[in-house]
Amino acid sequence: IADLPSALHNSILAGKAGDYPRSAQQLAEVFLGSDLGRRSRTSPRAGREWEFIADVGGTLVRGSIDLWFEENGDIYVVDYKTDRKPDADAYRPQLALYALALERALGKRPVGAYLHFLRPDIVVEVPIDQAALDSAQSLIGQLGAAQNSLEFDLREGVHCHSCQYYKTLCPAQA
């Protein structure tokens, strides 16, 4: 179901009532029954689908954090994933940016960041130390520079196969 992540994130796990596909309900139950799900439910303060805009080195970054919660005065951030194969490395910059946004908004950096891959029910703790934040800020700086110069490196991959320009008139190859 193409809309599964949307139903899961923006509706069920955001606490909105509705008639959702059984597959989305099952994945939501995986999170709600987990240790992180229980901890977030007992939190005195939490944000679900928490939207932010942050200035990172002169580049505005907009995002939506699946979940953050407070426990014993500490902040934790959680991102749910519907991927079948967990690849935490692909999401490390995302969680570092979430930590930056939360630190700026709440006045303190989260002490923990977690990816919960719901299909295999695997939770991965992701470091959000200074090195992780510096790396994410560097990545945003590179993206900002590419945007300002309108120069983007072509990175052909599986995502290209569904493009109407694949192997023909790809504007990125010009």
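Structure: see above.
Residues numbered from 1 in each chain as written. Predicted model: local features only at pLDDT ≥ 70, side-chain atom pairs only at ≥ 80, totals over all residues. Heavy atoms only, no water.

Asker: Account for the environment of Pro127, naming residues and giving values.
Answerer: Note on placement: Pro127 falls in the loop between strand 5 (122-125) and helix 5 (130-149). The spatial distance from the C-alpha of Pro127 to the C-alpha of Gly112 is 7.3 Å, given a sequence separation of 15 residues. (Helix = DSSP H or I, 4+ residues; strand = E, 2+ residues; numbered from the N terminus.)

Asker: Hey, could you go over the pattern of salt bridges for me, with residue numbers and the actual values?
Answerer: With the rule as written, the count across this model stands at eight salt bridges. Asp35 is paired through a salt bridge with Arg39; the nearest N and O atoms lie 3.6 Å apart. Separated by four residues within a single helix, Asp35 and Arg39 lie in helix 3 (residues 35-41), roughly one turn from each other. On the basis of relative accessibility, which here comes to 45%, the residue Asp35 falls in the partly exposed class. The exposure class of Arg39 is buried, given its relative accessible area of 17%. What emerges from the salt-bridge pattern is a single network uniting Asp35, Arg39 and Glu71. (Salt bridge = Lys/Arg side-chain N within 4 Å of Asp/Glu carboxyl O. Buried < 20%, exposed > 50% of the residue type's maximum accessible area, 1.4 Å probe, protein only.)

Asker: So, the packing of helix 4 (residues 92-106) against helix 5: which residues are in play, and what are the values?
Answerer: In contact at an axis separation of 8 Å, helix 4 and helix 5 are set at 100 degrees when each is read in the N-to-C sense. Judged by the inter-axis angle, helix 4 sits roughly perpendicular to helix 5. Contacts between helix 4 and helix 5 involve Pro93, Ala96, Leu97, Ala99, Leu100, Glu103 and Arg104 on the former and, on the latter, Ala132, Leu133, Ala136, Gln137, Leu139 and Ile140. Partitioned by chemical class, the residues of the contact of helix 4 with helix 5 number 10 nonpolar, one polar and two charged. (Axes fitted to C-alpha atoms, helices over the stretch in contact; angles between N-to-C directions. Parallel < 35°, antiparallel > 145°, perpendicular 65-115°, else oblique. Contact = heavy atoms within 4.5 Å. Nonpolar A, V, L, I, M, F, W, Y, C, P; charged D, E, K, R; others polar.)

Asker: Help me get a handle on the sheet that holds strand 3 (residues 74-81), residues and values and all.
Answerer: Spatial ordering of the open sheet is given by 1-2-3-4-5, a layout of five strands whose pairing is mixed. Among the strands making up the open sheet, the edge pair consists of strand 1 (46-56) and strand 5. Mean inter-strand twist for the sheet, computed between neighbouring axes without regard to direction, equals 35 degrees. (Pairing = 2+ DSSP bridges.)

Asker: Describe the packing of aromatic side chains, naming the residues involved and giving the relevant values.
Answerer: According to the stated counting rule, one finds seven aromatic pairs in the structure shown. Aromatic side chains Trp50 and Trp68 sit 6.2 Å apart centroid to centroid with 85 degrees between the ring planes, which places their arrangement in the edge-to-face category. Taken together, the residues Trp50 in strand 1 and Trp68 in strand 2 (residues 59-71) connect sequence positions 18 residues apart. An angle of 25 degrees between the planes, with centres 6.4 Å apart, marks the rings of Tyr76 and Tyr114 as stacked. Here Tyr76 is found in strand 3, whereas its partner Tyr114 is found in strand 4 (residues 112-117), with 38 residues between them in sequence. (Phe/Tyr/Trp six-rings, centres within 6.5 Å; stacked < 30°, edge-to-face > 60°.)

Asker: Could you give an account of helix 5, with specific residues and numbers?
Answerer: Helix length check: helix 5, at 20 residues, gives a terminal C-alpha distance of 28 Å against a target of 28 Å (1.5 Å per residue), a fit within 8%. Contact partners of the buried residues in helix 5: strand 1, strand 2 and helix 4. Positive phi appears at Leu150, one or two residues downstream of helix 5, with a value of about 60 degrees. (Expected span 1.5 Å × (residues − 1).)

Asker: Residues and numbers for the nonpolar core, please.
Answerer: Judged by nonpolar contacts, the single largest core of 27 residues is most densely connected at Phe52, Val77, Leu95 and Leu115. Mapped onto this core, the elements with two or more residues apiece are strand 1, strand 2, strand 3, helix 4, strand 4 and helix 5. Top element by residues in this core is helix 4. It accounts for eight residues. Residues Leu8, Leu27, Ala28 and Tyr76 belong to the second largest nonpolar core, which totals 16 residues. (Core = buried A, V, L, I, M, F, W, Y, C linked by side-chain atoms within 4.5 Å.)

That is the geometry; function is a separate question.
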